[in-house]
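Report on the structure
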Amino acid sequence: MKLSSLASILLAIFLSISCVDEAKNNSSSENQLDKEPEEHEFTNMLVNESSPYLLQHAHNPVNWHPWSEETINKAKKENKLLVISIGYAACHWCHVMEEESFEDPEVAELMNENFISVKVDREERPDVDNLYMNAAQLMTGSGGWPLNVLALPDGKPFYAGTYYPKEDWLKILKHFVKLNKEDPEAILEQAEKITDGIQSLEQMPIVDKEKAFSLDELETVYTQLKSKIDFEKGGKVETQKFPVPVLWKFLLHYNYLTDDPSALEAVDVTLENMAFGGIYDQLGGGFARYSTDEDWFAPHFEKMLYDNAQLIGLYSQAWQKTRNPLYKDVVYESLEFVERELTAKNGAFYSSLDADTDGEEGKFYVWTADEIDEHLGGDSSIFKAYYNVEENGNWEDEKNILHREKSDKAFAEEKSLSVKELKEILSEGKQKLLNERQKRTLPALDDKVLTSWNALMIKAYLNAYKTFDEKRFLEAALKNARFLNENVIAENGALTRNYKDGKTSIPGFLDDYAFVISAFIDLYQATFDEKWLFKAQDLANYTKEHFFDSTSGMFFYTHDDHSGLISRQKEILDNVIPSSNSEMAKNLLILGHYFYDSEKKALAEQMLLNVQKDLKEYPDFYANWAIVEALLVKPPFEVAIVGKEHHRVKKEINHNYLPNVLLMGGEKEGNLELLKGKFIEGQTTIYVCKDHVCKFPVTTAREALEQINESGGFW
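Just so we're clear, the structure is a prediction, and the values are computed from it rather than from any experiment. (Residues numbered from 1 in each chain as written. Predicted model: local features only at pLDDT ≥ 70, side-chain atom pairs only at ≥ 80, totals over all residues. Heavy atoms only, no water.)

Take the overall build of the protein next. For the protein, the count of helices and strands is 26 helices and 20 strands. In terms of C-alpha radius of gyration, the protein reaches 26 Å, essentially the compact-globule figure of 27 Å for 715 residues. When the backbone C-alpha atoms are referred to their principal axes, the protein occupies close to 85 × 70 × 45 Å. Evaluated residue by residue, the protein yields a buried proportion of 62% over its 715 residues. (Helix = DSSP H or I, 4+ residues; strand = E, 2+ residues; numbered from the N terminus. Rg over C-alpha atoms; globule rule 2.2 N^0.38 Å. Buried < 20%, exposed > 50% of the residue type's maximum accessible area, 1.4 Å probe, protein only.)

Here we take up the packing of aromatic side chains. A full pass over the atoms with the stated rule returns 36 aromatic pairs. The interplanar angle of 55° and the centroid separation of 4.9 Å between the aromatic rings of Phe520 and Trp532 together place this pair among those described as tilted. Remark: Trp532 occurs in helix H21 (residues 530–547) and Phe520 occurs in helix H20 (residues 510–527); sequence separation between them is 12 residues. The same class applies to Phe520 as to Trp532, namely buried. Ring pairs connect the aromatic residues Trp319, Tyr332, Phe349, Tyr461, Phe468 and Phe473, which therefore count as one cluster. Here the guanidinium or amino end of Lys650 rests over the ring plane of Phe528, the centre of that ring lying 4.0 Å away. (Phe/Tyr/Trp six-rings, centres within 6.5 Å; stacked < 30°, edge-to-face > 60°. Lys NZ or Arg CZ within 6 Å of the ring centre and 35° of its normal.)

Here we come to helix H8 (residues 184–201). With 18 residues, H8 extends 26 Å between its outermost C-alpha atoms, agreeing within 8% with the 26 Å of an ideal straight helix rising 1.5 Å per residue. When H8 is considered as a whole, its buried residues turn out to be Ile187, Ala191, Ile194, Thr195, Gly197, Ile198, Ser200 and Leu201. (Expected span 1.5 Å × (residues − 1).)

What follows is about the sheet that holds strand E12 (residues 445–446). Ordered in space as E8-E9-E12, the three strands form an open sheet in which the pairing is antiparallel. For this open sheet the edge positions go to strand E8 (303–304) and E12, each flanked by a neighbour on one side alone. Bridging between strand E9 (residues 352–353) and E12 involves two bridges; their strand directions are antiparallel. Residue pairing in the sheet places Ser352 in a bridge with Asp446 of E12. (Pairing = 2+ DSSP bridges.)

Moving on to the nonpolar core. Counting 168 residues, the largest nonpolar core has Phe250, Leu251, Tyr315, Met457 and Val639 as its most contacted members. At 12 residues, the largest contribution of residues to this core is made by H20. Apart from residues no more than four positions distant in its own chain, Val639 is found in contact with Ile653, Val661, Leu662, Leu663, Met664, Ile686, Tyr687, Val688 and Ile708. Ranked by size, the runner-up nonpolar core spans 56 residues in total, among them Ile84, Val107, Trp169 and Ile566. (Core = buried A, V, L, I, M, F, W, Y, C linked by side-chain atoms within 4.5 Å. Contact = heavy atoms within 4.5 Å.)

Right, let's talk about the environment of Ile653 for a bit. Along the chain, Ile653 falls in helix H25 (residues 646–654). Separated by 15 residues in the primary sequence, Ile653 and Glu638 place their C-alpha atoms 13 Å from one another. In this structure Ile653 touches Val639, Ile641, Leu658, Leu663, Ala701 and Leu705, once residues within four positions along its chain are discounted.

Ordered by their spatial adjacency, four strands build an open sheet running E18-E17-E19-E20, and the pairing between neighbours is mixed. Each edge of the sheet is formed by a strand with only one pairing partner; in this case those strands are strand E18 (661–666) and strand E20 (693–694). The sheet contact formed by strand E17 (residues 637–642) and E18 spans six bridges and is parallel. Its bridge partner being in E18, Ala640 is matched across the sheet by Met664. The sheet strands contacting helix H22 (residues 580–594) are E17 and E18, and the helix crosses E18 at an angle near 40°. (Axes fitted to C-alpha atoms, helices over the stretch in contact; angles between N-to-C directions.)

In a pair of packed helices, the angle between the axes and the distance between the axes together describe the arrangement. Orientation of helix H11 (residues 261–276) relative to helix H12 (residues 305–322), taken along the N-to-C sense of each, is 125°, at an axis distance of 11 Å. If you check the angle between H11 and H12, you find them oblique. With respect to the hand of their crossing, H11 and H12 are arranged in left-handed fashion. On H12, the residues that touch Leu264, Asp268, Leu271, Met274 and Ala275 of H11 are Leu311, Leu314, Tyr315, Ala318, Lys321 and Thr322. Tallied by class, the residues present in the contact of H11 with H12 amount to eight nonpolar, one polar and two charged. (Parallel < 35°, antiparallel > 145°, perpendicular 65-115°, else oblique. Left-handed = near helix turned anticlockwise from the far one by under 90°. Nonpolar A, V, L, I, M, F, W, Y, C, P; charged D, E, K, R; others polar.)

Here helix H6 (residues 126–140) contains 15 residues, and its C-alpha end-to-end distance of 20 Å stays within 8% of the 21 Å for a straight helix at 1.5 Å per residue. By the burial criterion, the buried members of H6 are Pro126, Asp127, Val128, Asp129, Leu131, Tyr132, Met133, Asn134, Ala135, Ala136 and Gln137.

It is worth spelling out a negative patch on the surface at this point. Where like charges cluster on the molecular surface, the negative patch consists of Glu360, Asp370, Glu374, Glu396, Asp397 and Glu398. When you line up the elements, Glu398 lands in the loop between helix H15 (380–386) and helix H16 (408–414). (Patch = residues over 30% accessible without salt bridge, like charges linked within 9 Å, V, L, I, M, F, W, Y side chains within 5 Å. Areas by Shrake-Rupley, 256 points an atom, 1.4 Å probe, with all protein chains shown as cover. Salt bridge = Lys/Arg side-chain N within 4 Å of Asp/Glu carboxyl O. Lys, Arg positive; Asp, Glu negative; His and termini not counted. Charge placed at Lys NZ, Arg CZ, Asp CG, Glu CD.)

Take the packing of H22 against helix H24 (residues 623–633) next. Between H22 and H24, whose axes approach to 8 Å, the crossing angle comes to 20°. Classified by the interaxial angle, the pair formed by H22 and H24 is roughly parallel. In this structure, H22 crosses over H24, and the sense of that crossing is left-handed. Judged by residue contacts, Asn581, Ser582, Glu583, Ala585, Lys586 and Leu589 of H22 engage Asn624, Trp625, Ile627, Val628, Leu631 and Leu632 from H24. Here the contact of H22 with H24 is built from residues that sort into seven nonpolar, three polar and two charged.

The next subject is the state of the cysteines. Across all of its chains, the model carries two disulfides by this definition. The disulfide bridge from Cys689 ends at Cys694, spanning 2.0 Å between sulfur atoms. Between Cys689 and Cys694 the disulfide shows an S-S torsion of about 95°. By sign, it is right-handed. Note on Cys689: relative accessible area 0%, which makes it buried. What connects to what in the protein, once the bonded cysteines are numbered by sequence position, is 1-2, 3-4. (Disulfide = S-S within 2.5 Å.)

Time to look at the environment of Tyr687. Secondary-structure assignment places Tyr687 in strand E19 (residues 685–690). Through-space distance from the C-alpha of Tyr687 to that of Met664 is 9.9 Å; in sequence the pair is 23 residues apart. Sequence-distant contacts of Tyr687, defined by excluding residues within four places in its chain, comprise Glu638, Val639, Ala640, Gly677, Lys678, Ile680, Cys694 and Pro697.

Here it is in structure tokens:
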């Protein structure tokens, strides 16, 4: 296996299972600076930043600087080593280290005298985080947040670690201060070795062989995955469980192509157990980031936009396949959570909610039995039994995490109730407790807006709209797309990464481009408004121009005008969020179909070839790549709907799970090549095509679906 693949796999495994980054907040306010006194003993350069995480450190005695070219130049000019400390707003151990070390005058004096200290929000600057996380992996075999790195003035790292208690941190700093005075060549030599190692990780030659994409290969991928799936409790067989939505999205697609019942079983058992578990907010909707146990019971309580966006889309698609009413409930409740707690008035979506309030993890979400009795009165016994509330608590300190173990039907029969009666009791009880919960100290909100995460949320709303035909879901997606168009997309096609308080400051990364392109493709399919599809095409061309690496056939993570790090990284592996390269491959393939662009399709195929060997060996870290292969094994149907009733026909088709169907059309022919000559006066006509060759036109959605299903995915 290539060095790049091995190191990336190790990193991905760590990122999936680590609990070093548990969350903690320091404020009950949405804006954590609002309640601070106006006078501060210390103020550093972070006071001018917009990131909530950086602002949390703006009044440390440490003279923090933001990551910038100016900061690196300052270090070079003063010939000072760098301390690079990376974290994010909801990171528990980041806050602990701040309290123990970065707010301590003794530590600050040592750091200020001998180092240029840099604070980095990993969500704003994933390029910096990826670079130094690779360094940590090479040096220690592990990583986490806070990630603390010591580097030469030019940014080359020579030491990396995570959280340190104050005394350990002081020892490390003093050791390297002394070493830098007595034997600076030793530090320089270590930095060069680590830098060489980081750069070697990016060596990915183009795979030159005949294309060989087949259903047999996908079956090999699934066989590898199957051995890692917990068919009793869902998820992968692990002691801590992350949702990893793209994994189950691939299995849905695989089941669609093969009718393998075990693939659908894996999806169902996972989605049902997650929806029943404590990882799901039973009162307010939405999912926590991961479960600390194998039963999905005790979550790490922080809620991330990217998790909920992907899970809403996944549950929508699973409903299309199964019609399980539980999945519809999850979608609606989770979208209500996003609208209530993560949506700005301008339609933008915020990043996350912290796990702790008042210094306690999960305090906002858990209940004592007495509290439930007090607020619900006579119906509390049914409510407590349904959500497995125990008098002495089912979690810590006699508190209860609400979770389910039975279906509504089974529970209602056990209690001699009708399902309707049960739902009425639960609905009233949930609303009462939700109202009471809102009176508690609210979890801290990270209100920065990240472009790629917002694009994921657009896709979520569109998945829900396609599935359930709720116009308000489409309106939310369109409102956010217009926000992105007006605030983060320049006329020349360049994107910015972040938005807060009316400002953007960081150039976009590959994931920002990849997910915006994907969202705009979905918007076209939902609306048939061609401006979104042509915008996606323009963005893809811009991305090819500024991110593509012709020597590897893959895309760099950073723009060629904004890649001033010691190594230009590539993001290959799919993890809790699909990788930017796999999403770009999918975009290129789909745009190739829409625009008769064989070059884009060939590039997508080459990208898949480059990772195909690793996909077979480590499929759980290449799930989105596996979807790309599925779209190459059984290419998408191009379904053109032209005529006055196109919205009605589209609605009927969208009610079904059809992962390899690309919709296009409108009241008239429009500007796409495939639509030319398709309009017939006085009727709505549907053409089911593949690779631009169409079957005999039909006039009803039922007939079109029959043509698709008769083909079994093949032409």
